[in-house]
Amino acid sequence: MSDHQLRTRMPGPPAPHPRAPGPRATAALRAAAPALAVYAAVRALGLLVFWGAARSSGKDPLARLSGRWDSVWYQRIAEDGYGYTATLPDGALHSDLAFFPLLPALERGISEVTPLTLGGAGLLVAWTAGLLAAWGVFAVGAHLHGRRTGVVLAGLWGVYPTAFVQSMAYTETLFTALAAWALYAVLKGRWLAAGALCVLAGLTRPSAAALVAALAITAAVTLVREVRAGQRTGPVLRRNARMIAGVALAPLGWLAYVVFVAVREGSPFAYFEVQAQWGNSIDGGRALAAFIAGLPLPAALGLCAALGLLGWLVVLCVRQRQPLPLLVYGIAIVVISLIGAGYFGSRPRLMMPAFPLLLPPAAALVRLRSGARTAAVLAVLACASAAFGAWTLLGAGPP
């Protein structure tokens, strides 16, 4: 006789039936385990190649991952708060107000309760968030096209050309984790969770505007379709109250930081002025066009080919009929990355969170119907990504 049968025959009140999120979470983790293993393997390869190259050249690998470029700015904020401004030789001012607060807050909190330095805390956040991001990317891919596609999608995100940044004390993995799970929540109809994740994303990177746009446009299209279908506006709004609340919640993190900078600096447009001092103003793509025009012809043609490939990926996403939130998010990330006047070398990194662009190649690899071939392709891409990452990290310029 089973335990359940024994319990039902006993006198007294019926046994409660509590919700059991633990088993569900365990099952979800078990389903994602192959994707996490693939992602961890390709990132471990990247770290091993970089570590060996750094040691052979007499450079400190940890310092290269946690103590250079933007990582230094985040750690200074974590240690001293906002208020530092660097003056460049040409007189330009770079204020730490250009950097959003979630990562330095996490770095400070972790360093205060563990033996880790701020740099070590930043790496812990980045590496943990990388696994969470790979899990979220897998969840989106599996929801749309099955588990194999989800696994390959997570692997492709891990071998993205600038995936070495995923191993640095930067915000890319943290933002991608929040964005992927927010989009998954939208796909599952969990709008309040999506809005809450958007709030955190908005405290992480300015590109959270793309995520907010994805939620807002999806909700607007949903409401318009239902009204046009002949349904009365009142019932439509009441039925979609959670969706509306999630969309209203979504921009609050980004807006809170912009307002914080405005109040601190005494100007309503202070945040945008700070970004302009860093050269990150929106110019509609003029800086990109000027950069291409200034390159030698072979390099200019190669860059144009890369941009053409990027455009083709966008077309494939449309042909694949990706859900509207993924389309809006992916395209918006690309547009935001291309129309700014900032440093060109950072643009591939800025586009890395646009993981929906990798869905068409992930689906194509799954169609090979040979696990060995798919693994071989991922292995080649992982080696190329690792070599490029080591070369970039050991160079002088920021990613």
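Residues numbered from 1 in each chain as written. Predicted model: local features only at pLDDT ≥ 70, side-chain atom pairs only at ≥ 80, totals over all residues. Heavy atoms only, no water.

Caption draft 1: The arrangement of the side chain of Ser-267 in detail. Here Ser-267 is to be found in the loop between helix H13 (252-265) and helix H14 (270-277). For Ser-267, a relative accessible area of 15% corresponds to the buried category. Setting aside its immediate chain neighbours within four residues, Ser-267 contacts Ala-262 and Glu-273. (Helix = DSSP H or I, 4+ residues; strand = E, 2+ residues; numbered from the N terminus. Buried < 20%, exposed > 50% of the residue type's maximum accessible area, 1.4 Å probe, protein only. Contact = heavy atoms within 4.5 Å.)

Caption draft 2: Quick look at the packing of aromatic side chains. Using the criterion set out here, one finds 19 aromatic pairs in the structure. When the centroid spacing of 5.6 Å and the interplanar angle of 90° are considered together, the rings of Phe-100 and Tyr-271 count as edge-to-face. Linking Phe-100 in the loop between strand E2 (93-95) and helix H5 (102-113) with Tyr-271 in helix H14, this pair joins segments that are 171 residues apart in sequence. Of the two residues, Phe-100 and Tyr-271, neither departs from the other in class, the shared state being buried. Cluster of aromatic residues (ring-pair linked, three or more members): Tyr-82, Phe-100, Trp-254, Tyr-257, Phe-260, Tyr-271 and Phe-272. A cation sits over an aromatic face here: Arg-76 above Tyr-84, 4.0 Å from the ring centre. (Phe/Tyr/Trp six-rings, centres within 6.5 Å; stacked < 30°, edge-to-face > 60°. Lys NZ or Arg CZ within 6 Å of the ring centre and 35° of its normal.)

Caption draft 3: Representation of the pattern of salt bridges within the structure. Tallying each qualifying case throughout the model produces five salt bridges. A salt bridge links Glu-112 to Arg-108, with the shortest nitrogen-to-oxygen separation between them at 3.2 Å. Here the residue Glu-112 and the residue Arg-108 both occupy positions in helix H5, the gap between them amounting to four residues, near one helical turn. The class for Glu-112 is exposed, based on a relative accessible area of 58%. Its relative accessible area of 38% is what places Arg-108 among the partly exposed residues. Overlapping salt bridges, with partners in common, bring together Asp-70, Glu-172, Arg-205 and Arg-349 in one network. (Salt bridge = Lys/Arg side-chain N within 4 Å of Asp/Glu carboxyl O.)

Caption draft 4: Main features of the nonpolar core. In this structure, Leu-156, Met-168, Leu-211, Leu-215, Tyr-329 and Phe-355 are the most contacted members of the largest nonpolar core, which totals 112 residues. Contact partners of Tyr-329, with chain neighbours within four places excluded, come to Phe-175, Ala-179, Leu-183, Ala-210, Leu-211, Ala-214, Pro-353, Ala-354, Phe-355 and Pro-356. (Core = buried A, V, L, I, M, F, W, Y, C linked by side-chain atoms within 4.5 Å.)

Caption draft 5: Seen up close, the confidence of the model for the protein chain. A residue-level look at the protein chain finds 94% of positions with pLDDT of 70 or above and a mean pLDDT of 90. Counted against residues more than four places away or in other chains, residues 1-21, with its pLDDT under 50, gives three contacts. (pLDDT = per-residue confidence, 0-100.)

Caption draft 6: Quick look at H13. Its 14 residues place the ends of H13 20 Å apart at the C-alpha level, agreeing with the 20 Å of an ideal helix rising 1.5 Å per residue. Of all the residues in H13, the buried ones are Gly-253, Trp-254, Tyr-257, Val-258, Val-261 and Ala-262. Looking at the buried residues of H13, the elements they touch are helix H9 (191-202) and H14. (Expected span 1.5 Å × (residues − 1).)

Caption draft 7: A look at a nonpolar patch on the surface. A grouping of Leu-309, Trp-312 and Val-315 is seen on the molecular surface, where their side chains present a nonpolar patch of about 280 Å² in accessible area. You can see Trp-312 is positioned in helix H16 (residues 297-319). (Patch = residues over 30% accessible without salt bridge, like charges linked within 9 Å, V, L, I, M, F, W, Y side chains within 5 Å. Areas by Shrake-Rupley, 256 points an atom, 1.4 Å probe, with all protein chains shown as cover.)

Caption draft 8: Summary view of the environment of Gln-277. Examined against the element boundaries, Gln-277 turns out to sit in helix H14. Separated by 184 residues in the primary sequence, Gln-277 and Leu-93 have C-alpha atoms spaced 6.0 Å apart.

Caption draft 9: Region of the structure containing the environment of Leu-132. For Leu-132, the location among the structural elements is in helix H6 (residues 118-145). Linking Leu-132 and Trp-181, residues 49 residues apart in sequence, is a C-alpha distance of 8.8 Å. Discounting residues that sit within four places of it in the chain, Leu-132 has contacts with Ala-177 and Trp-181.

Caption draft 10: Geometry of the side chain of Arg-68. Counting through the fold element by element, Arg-68 comes out in the loop between helix H3 (61-66) and helix H4 (70-80). Only 2.8 Å separates the side chain of Arg-68 from the backbone oxygen of Leu-393, close enough to count as a polar contact. Among the polar contacts listed, one links the side chain of Arg-68 to the backbone oxygen of Gly-395, at a separation of 3.0 Å. (Polar contact = N/O pair within 3.5 Å; in protein donor to acceptor, adjacent residues only side chain to side chain.)

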